[in-house]
Amino acid sequence: MNLRGIQCNVFMIALTGILISCSGTKQETATMEKTIFGKTLEGREVYLFQLKNKSGMNASIITFGATLVSLNVPDRNGVKSDIVLGFDSLTSYMNQSPYFGSTIGRYGNRIGKGTFELNGVKYSLAVNNGANHLHGGLKGFDKVIWDVDQKESVQGKSLALTYVSKDGEEGYPGTLTAKVVYSLTDGNELRIDYTATTDKPTVVNLTHHSYFNLAGAGNGDILGHELFIDADRFTPIDSGLIPTGELKSVRGTPMDFTTPAAIGARINDSYEQLKKGGGYDHNWVLNKSTPSFGLAARAYEKTTGRVVEVLTSEPALQFYSGNFLDGTLTGKGGKKYEHRFGFCLETQHYPDSPNKPQFPSTVLNPGVVYKTSTVYRFSTR
Ligand code: GLA
């Protein structure tokens, strides 16, 4: 196609009009590129957006669950691989995903027995994990379609997604307007900024649930990854993975990652907390002061040299070693995800905070803006 003397290819539909890429300098419209990823059973279209940076890293996000479906990151030789677990089809994301790449809300992690009291009123939430509430319930923020905020999105650089959760949804009080903005910086950082407002007092704990494998999704287990977590304490759990309320020192236990250690080095130790979690599935209390933004964790994979650093304004981090993966899920490119093929570093407030007054509060009141940020920063060694 020749547009005013410039060679152009129409390569994608855009939010408004047609986006035209040109080998010259002109670009007709600067709207977000999108492709159709799939359709829900009700016929609603789910879109995929791609962010790219100057160093050649790219991230793809779909509007279903504001889900990160791929993240291509260079290794020490500049070879890119997709380092997050996921599926090729929307149907798999809808029907069988253990939160691969999802945005989690209204409350990330567990709330004991699915109940809590706020200002003297008892609320009953959807119970979807044994006797407990997990990751927002039966239809959490990972299973809804988010809207694209065009004004706040920058073509190829950042994507802003919004979702309005109704008063009473999954049992939570108050209409919650949530926004998540994904940005890819030229410094190889995937930045995620969350904001939310409510019209009634409620509880909020938004997080991101990518399963990383720095050797590439589907390329073996993550037990050889070396992990550092800047936390001297963690919140011990009961057999339902609900915190007991205690803060326990990691010293002298397999929970100590203050000195980098391979994930697999102590995972099978006969330590009661590891037995309860089926491996690592715990909340670490970060050493940095809250709500300051700082380093929470770092993981390194020696065969590829890839490093991910996690920085956050949140007070805690759930490190989950993919214990429930068992080879029954077939992911992108037909690869099977066996036991511990991915790990999650979920920045958050502590689990079950609505029932633990001694934990930092997760209550959001009208007139206040919930605001948190997390960065996954990639480099090589
Ligand atoms: C979270 C939980 C885990 C597990 C996964 C999803 O990270 O802490 O126990 O439920 O999500 O499988």
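Attention now goes to the overall build of the protein. Counting its secondary structure elements, the protein contains 2 helices and 32 strands. Relative to the compact-globule value of 21 Å for 381 residues, the protein shows a C-alpha radius of gyration of 21 Å, a close match. Taken over the C-alpha atoms alone, the protein extends approximately 70 × 50 × 40 Å along its principal axes. Taken across its 381 residues, the protein has 57% of its residues classed as buried. Looking at the protein alone, contacts between residues at least 24 apart form 63% of all its contacts between residues at least 6 apart. Summed over all atoms, the accessible surface of the protein reaches about 15,100 Å², with 51% contributed by carbon and sulfur.

Across the sheet, 5 strands lie side by side as β22-β21-β24-β27-β30; this open sheet has antiparallel pairing. The sheet is open, and its two edges are formed by β22 (248–249) and β30 (344–348), each paired on a single side.

A few words on the side chain of Asp352. Of note, Asp352 is situated in the loop between β30 and β31 (363–364). Among residues more than four places away in sequence, those in contact with Asp352 are Tyr107, Arg110, Ile111, Gly112, Ile242 and Pro243.

With that settled, the discussion passes to the nonpolar core. Ranked by internal contacts, the top residues of the largest apolar core, which has 61 residues, are Leu71, Tyr182, Ile229, Trp284, Phe319 and Phe378. Sort the elements by how many residues they give to this core and strand β16 (residues 176–184) lands first, with 5 residues. Other than its neighbours up to four places away in sequence, Phe378 contacts Met57, Leu71, Val73, Ile83, Gly187, Asn188, Phe212, Leu214, Val307 and Val308.

This part is about the sheet that holds strand β20 (residues 226–229). In space, the 9 strands of this open sheet follow the order β14-β15-β16-β17-β32-β26-β25-β20-β23, with antiparallel pairing throughout. Each end of this open sheet is capped by a strand with a single partner; those strands are β14 (147–148) and β23 (261–262).

Moving on, we come to the site of the ligand. In the vicinity of the ligand, 13 residues are found, and the nearest of them are Arg110, His135, His209, Asp281 and Glu346. Contact between the ligand and Arg110: an oxygen atom at 2.7 Å from a side-chain N or O atom of the residue. Note that an oxygen atom of the ligand is positioned 3.3 Å from one of the side-chain N or O atoms of Gln318. Burial of the ligand by the protein amounts to 95% of the accessible area it has alone, namely 300 Å².

Moving on to the side chain of Glu170. Topologically, Glu170 is positioned in the loop between β15 (158–165) and β16. There is no salt bridge for the buried Glu170, and the closest opposite charge comes from Lys139, which lies 7.6 Å off by N-O distance. A polar atom in the side chain of Glu170 sits 3.3 Å from the backbone nitrogen of Lys139. For Glu170, the residues in contact, after removing those within four places along its chain, are Ser124, Leu125, Ala126, His133, Gly136, Gly137, Leu138 and Lys139.

The topology assignment puts Ala261 in strand β23. Distance from Ala261 to Glu226, taken between C-alpha atoms, is 5.1 Å for residues 35 residues apart in sequence. With near-sequence residues (within four places) excluded, Ala261 lies in contact with His225, Glu226, Leu227 and Arg266.

Moving on: the pattern of salt bridges. Think of it this way: side chains of opposite charge can pair up when their charged atoms draw near. Tallied over the full model, the rule gives 16 salt bridges. The salt bridge involving Lys157 is made with Asp186; its shortest N-O contact spans 3.3 Å. Separated by 29 residues along the polypeptide, Lys157 in the loop between β14 and β15 and Asp186 in the loop between β16 and β17 (189–198) bring together distant segments of the chain. By relative accessible area, Lys157 is classed as partly exposed at 32%. Where Glu226 meets Arg381, a salt bridge forms, and the shortest distance between an N and an O atom there is 3.9 Å. Remark: Arg381 occurs in the segment after β32 (370–380) and Glu226 occurs in strand β20; sequence separation between them is 155 residues.

In this section: the confidence of the model for the protein. Summing up the model confidence of the protein, the mean pLDDT is 92 and the portion of residues at 70 or higher is 92%. Predicted confidence is poor over residues 1–29, with pLDDT under 50, and the contacts of this stretch with residues over four places away or in other chains come to 58 contacts.

Another aspect to go through is the packing of aromatic side chains. One pass over the structure, following the stated rule, counts 22 aromatic pairs. Measuring from ring centre to ring centre gives 6.4 Å for Phe234 and Trp284, while their planes differ by 35°; the resulting arrangement is tilted. Pair noted here: Phe234 is in strand β21 (residues 233–235) and Trp284 is in strand β24 (residues 281–285), with a separation of 50 residues, a long-range link. We classify Phe234 as buried; its relative accessible area is 0%. Aromatic side chains Phe257 and Phe319 sit 5.8 Å apart centroid to centroid with 85° between the ring planes, which places their arrangement in the edge-to-face category.

Attention shifts here to the environment of Val121. When you line up the elements, Val121 lands in strand β12 (residues 121–124). Judged by relative accessible area, Val121 falls into the partly exposed class, the value being 38%. C-alpha of Val121 to C-alpha of Ala160: the two residues are 39 residues apart in sequence and 34 Å apart in space.

What follows deals with the pairing of β16. Counting buried positions over the 9 residues of β16 gives 8, a clear majority of the element. Pairing of β16 with β17, which is carried by 9 bridges, proceeds in the antiparallel orientation. Within the sheet, the bridge partner assigned to Val180 lies in β17 and is Tyr194. Linkage of β16 to β17, two consecutive antiparallel strands, is achieved through a turn of 4 residues, within which Asn188 is found at a positive phi near 60°.

Rules behind the numbers
Residues numbered from 1 in each chain as written. Predicted model: local features only at pLDDT ≥ 70, side-chain atom pairs only at ≥ 80, totals over all residues. Heavy atoms only, no water. Helix = DSSP H or I, 4+ residues; strand = E, 2+ residues; numbered from the N terminus. Rg over C-alpha atoms; globule rule 2.2 N^0.38 Å. Buried < 20%, exposed > 50% of the residue type's maximum accessible area, 1.4 Å probe, protein only. Contact = heavy atoms within 4.5 Å. Areas by Shrake-Rupley, 256 points an atom, 1.4 Å probe, with all protein chains shown as cover. Pairing = 2+ DSSP bridges. Core = buried A, V, L, I, M, F, W, Y, C linked by side-chain atoms within 4.5 Å. Near = heavy atom within 4 Å. Polar contact = N/O pair within 3.5 Å; in protein donor to acceptor, adjacent residues only side chain to side chain. Lys, Arg positive; Asp, Glu negative; His and termini not counted. Salt bridge = Lys/Arg side-chain N within 4 Å of Asp/Glu carboxyl O. pLDDT = per-residue confidence, 0-100. Phe/Tyr/Trp six-rings, centres within 6.5 Å; stacked < 30°, edge-to-face > 60°.

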